[in-house]
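# Analysis of the macromolecular model
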Amino acid sequence: RGMASGANVLLTSENAEAWLAGRDKAIKAILFTKKSETPGLWVRVADAFATQVDFGEIRLGETALMKRFGMSESVLPKIVAVRHSPSGAAENILYEGPNELEKI
């Protein structure tokens, strides 16, 4: 548990609040997935943008986190960007584009 791979953090009910509260970077990208392993595309995206964005991954078994972000198994995989404004308010932005490295 903890680091899924490189720049990507595997989020659980135990570590998600602290990770989401962190302000190291202005944007946090979260992959919601049914897979039990981190998809290779997500690893490549996380490694490519690690200096600008914090990357996390929430797997289907984390039901409380899935519910918190309004996710269900039928809509996965999904990517949500969490952006913090200077005032500290968080805005969740659902990524709707294609799942290709160049597009993300």
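What you see is a predicted model, and the numbers here were worked out from it, not measured in a lab.

## Quick look at the overall build of the protein
Regarding its fold elements, the protein presents three helices and six strands. Secondary structure of the protein in N-to-C order comes out as β-β-α-β-α-β-α-β-β. Within the protein, the proportion of its 104 residues that are buried is 34%. Taking the contacts inside the protein whose residues are at least 6 apart along the sequence as the reference set, 59% of them involve residues at least 24 apart. Put simply, the protein shows about 6,100 Å² of open surface, and 54% of that area lies on carbon and sulfur atoms.

## A word on the packing of aromatic side chains
Enumeration according to the criterion identifies two aromatic pairs in this entry. Plain terms: the ring middles of W42 and F55 are 5.3 Å apart, the flat faces sit at 75 degrees to each other, and that makes the pair edge-to-face. Taken together, the positions of W42 in helix α2 (residues 40-49) and F55 in strand β4 (residues 53-59) put the pair 13 residues apart, joining distant regions of the chain. For W42, a relative accessible area of 4% corresponds to the buried category. Taking NZ or CZ as reference, K28 lies 4.7 Å from the ring centre of W19, over its face.

## Thoughts on the pairing of strand β6 (residues 90-95)
In this sheet, β6 lies alongside strand β5 (residues 78-84) in antiparallel orientation, the contact comprising six bridges. Bridging across to β6, V82 finds its partner in N92. Linking β5 to β6, which pair antiparallel, is a turn of five residues; within it G88 sits at a positive phi near 100 degrees.

## Considerations on the side chain of E57
As for its position among the elements, E57 is in strand β4. Here the side chain of E57 touches R59 through a polar contact of 2.9 Å, side chain to side chain.

## Some remarks on the pattern of salt bridges
In this structure the tally under the stated criterion is six salt bridges. As a salt-bridge pair, D54 and K28 come within 2.9 Å of each other at their nearest N and O atoms. Taken together, the positions of D54 in strand β4 and K28 in strand β3 (residues 27-33) put the pair 26 residues apart, joining distant regions of the chain. Relative accessible area serves as the criterion here: at 1%, K28 is assigned to the buried category. Notably, a salt bridge pairs E96 with K78, separated by 3.9 Å at the nearest N-O pair. Of the two residues, E96 is situated in the segment after β6 and K78 in strand β5; the sequence distance between them amounts to 18 residues. It is possible to trace a salt-bridge network through shared partners that takes in K25, K28 and D54.

Criteria and thresholds
Sequence positions are assigned chain by chain, starting from 1 and proceeding in written order. Reporting in this predicted model follows two pLDDT cut-offs: at least 70 for local features of residues, and 80 or more for side-chain atom pairs to be given and counted; totals over whole chains, interfaces and linings ignore these cut-offs and use all residues. Each side-chain value is worked out from all heavy atoms of the structure, with water and hydrogens disregarded. In this text, helices come from DSSP runs of H or I with a minimum length of four residues, and strands from runs of E with a minimum of two, each type numbered from the N-terminal end. Relative accessibility under 20% of the residue-type maximum defines a buried residue, over 50% an exposed one, and the middle range a partly exposed one, all with a 1.4 Å probe and only protein chains included. The criterion used for residue contact is that any of the two residues' heavy atoms lie within 4.5 Å. The protein chains shown are the only cover counted for residues, whose accessible areas, like all others here, come from Shrake-Rupley with a 1.4 Å probe. Ring pairs shown here join Phe, Tyr and Trp side chains whose ring centres sit within 6.5 Å, with only the six-membered ring taken for Trp; geometry is labelled stacked below 30 degrees between planes, edge-to-face above 60, and tilted in between. In this analysis the charged atom, NZ for Lys or CZ for Arg, is taken to sit over a ring once it is within 6 Å of the ring centre and within 35 degrees of the ring normal. Pairing between strands is defined by DSSP: at least two bridges between the two strands are required. We call two N or O atoms a polar contact when they sit within 3.5 Å, provided that within protein one can donate a hydrogen and the other can accept it, with sequence-adjacent residues counted only if both atoms are side-chain atoms. Whenever Lys or Arg places a side-chain nitrogen within 4 Å of a carboxyl oxygen from Asp or Glu, that contact is recorded as a salt bridge.

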